Amino acid sequence: MTEAAVPQHGLTSRLYLLVWIVLVALTAATVAVARMNVTAFAALISIGIATVKAGLVLVFFMHLKHEPLILKVMLGIALLALSLIILLTFSDVWYRWGAHVHS
Amino acid sequence: MHKGEGSVDERHLDYAGAKMGMWIFLFTEILFFGGLFLLYSVYRMKYLAEFHSSAAELSVVLGTANTVILLTSSLFMALSIAFLRKGRRGLSLLFQLITIGLGLFFLVNKYFEWAEHIRQGIYPDSPVLLDMARGKIIFFSLYYVMTGLHGLHVLIGVTIIAVMAAFTRNETIGPLDFVKLENTGLYWHFVDIVWIYLFPLFYLIT
């Protein structure tokens with residue numbers, strides 16, 4: 001278990017550095033997109049880029065890549081629970097406020 | 001390396017259990033911040049225009065700088081674990097100290113940001129804020145609560161990394177027993193992920 005958690009070869013530092021460069025590039029991209037004012041999709045694009053960044057941190061910096069399946073399943077359940085809470089709340093809010101928002 | 005009363009083998013190490021425990025704690029943190037993000041999303045839907053005009057009042061430059069600072073701190077945190085595992089204690093310690101420095105740098109920026117808002121009279125329950133439109137009041141309340149709780153997490157993270165730095169120095173943790181530092185890293189990266197979402201939601205969606 002211990003040996004499998006992180007690759008021990010010298011490439012680890014280079015991989016981390018590469019991930020960091022991509023993360024900073026994505027940060028620049030999300031700021032650039034926000035400046036362009038593509039209002040219709042701006043929020044979606046921002047959240048999308050943030051999710052890619054969060055995924056990179058999870059997989060590489062938090063070593064999710066090397067974790068046992070059980071841990072990935074547990075994280076999946078936690079994220080599913082959060083998604084369900086958001087989905088159910090929005091289905092309710094849409095019904096109550098939908099008319100108000102669209103008027 | 002023998003230390004204390006026994007050899008490494010006599011110490012109780014449960015690597016998988018220790019890490020799973022940390023992850024379960026992080027799941028509770030996901031739901032904790034998730035609830036606040038939900039609150040933000042619902043009110044943004046209701047007060048779209050006011051959320052956008054309020055977000056325009058935040059400094060994109062400071063927000064972007066703080067994003068890069070936290071991402072960089074995450075890089076050094078990850079490196080410090082990799083180097084401790086290789087037995088490079090000195091480098092690991094140096095990278096932990098850099099992580100602490102960047103965490104404090106983030107908080108200093110946060111201080112200047114909040115100070116500027118407060119100077120303008122915008123803080124929870126302030127007469128200036130209460131005079132504003134409802135959506136603005138909710139936006140800035142969420143701004144203070146969410147960046148405040150996140151800042152508290154940064155402060156806690158910095159404190160724990162400082163303890164880890166002491167552990168690294170006195171060899172409580174090392175190449176054979178590094179799970180404490182690894183769990184600290186998990187916490188620090190989680191705090192980074194929360195900011196990755198806070199940044200576009202409060203600074204960019206204008």
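Use the structure listed above.
Quick caveat: nothing in here was measured; it's all calculated off a predicted structure.

Student: Any details on the packing of aromatic side chains? Residues and values, ideally.
Tutor: All names here are of chain B. Counted under the stated rule, the structure contains 24 aromatic pairs over all chains. Ring centres 6.3 Å apart and planes at 70° place the aromatic pair Phe-37 and Tyr-197 in the edge-to-face group. Pair noted here: Phe-37 is in helix α1 (residues 15-46) and Tyr-197 is in helix α7 (residues 179-204), with a separation of 160 residues, a long-range link. By relative accessible area, which is 14% here, Phe-37 ends up buried. For Tyr-197, a relative accessible area of 21% puts it in the partly exposed group.

Student: Could you give me a rundown of the pattern of salt bridges, with the residues and numbers involved?
Tutor: All names here are of chain B. Taken as a whole, this structure holds seven salt bridges over all chains when the rule is applied. Between Glu-113 and Lys-110 there is a salt bridge; the shortest N-O distance is 3.1 Å. Pair noted here: Glu-113 and Lys-110 are both in helix α4 (residues 89-119), with a separation of three residues, about one helical turn. Its relative accessible area of 3% is what places Glu-113 among the buried residues. A relative accessible area of 5% places Lys-110 in the buried class. Taking the shortest distance from any N to any O, the salt bridge between Arg-119 and Glu-116 comes out at 3.0 Å. One end of the pair is Arg-119 and the other is Glu-116, both in helix α4 and three residues apart, which spans about a single turn. The class of Arg-119 is exposed, set by a relative accessible area of 62%.

Calculation rules
- Along each chain, residues carry numbers from 1 onward, in the same order as the chain's sequence is written.
- Each chain takes a letter, starting from A, and each ligand takes a number, starting from 1, following the order in which they are written.
- For this predicted model, a pLDDT threshold of at least 70 governs which residues receive local features, and a threshold of 80 or more governs which side-chain atom pairs are given and counted, while totals over whole chains, interfaces and linings are taken from all residues.
- Calculation of side-chain values draws on the structure's entire complement of heavy atoms; hydrogens and water are dropped beforehand.
- Working definition: rings of Phe, Tyr and Trp (its six-membered ring) pair if their centres are within 6.5 Å, and the pair is stacked with planes under 30 degrees apart, edge-to-face with planes over 60 apart, and tilted otherwise.
- Where helices and strands are cited, they refer to DSSP runs of H or I of at least four residues and of E of at least two residues respectively, numbered from the N terminus.
- Buried residues are those whose accessible area, probed at 1.4 Å on protein chains only, stays under 20% of the maximum for their type, while exposed residues exceed 50% and partly exposed ones sit between those limits.
- Only one rule defines a salt bridge in this text: a Lys or Arg side-chain nitrogen within 4 Å of an Asp or Glu carboxyl oxygen.

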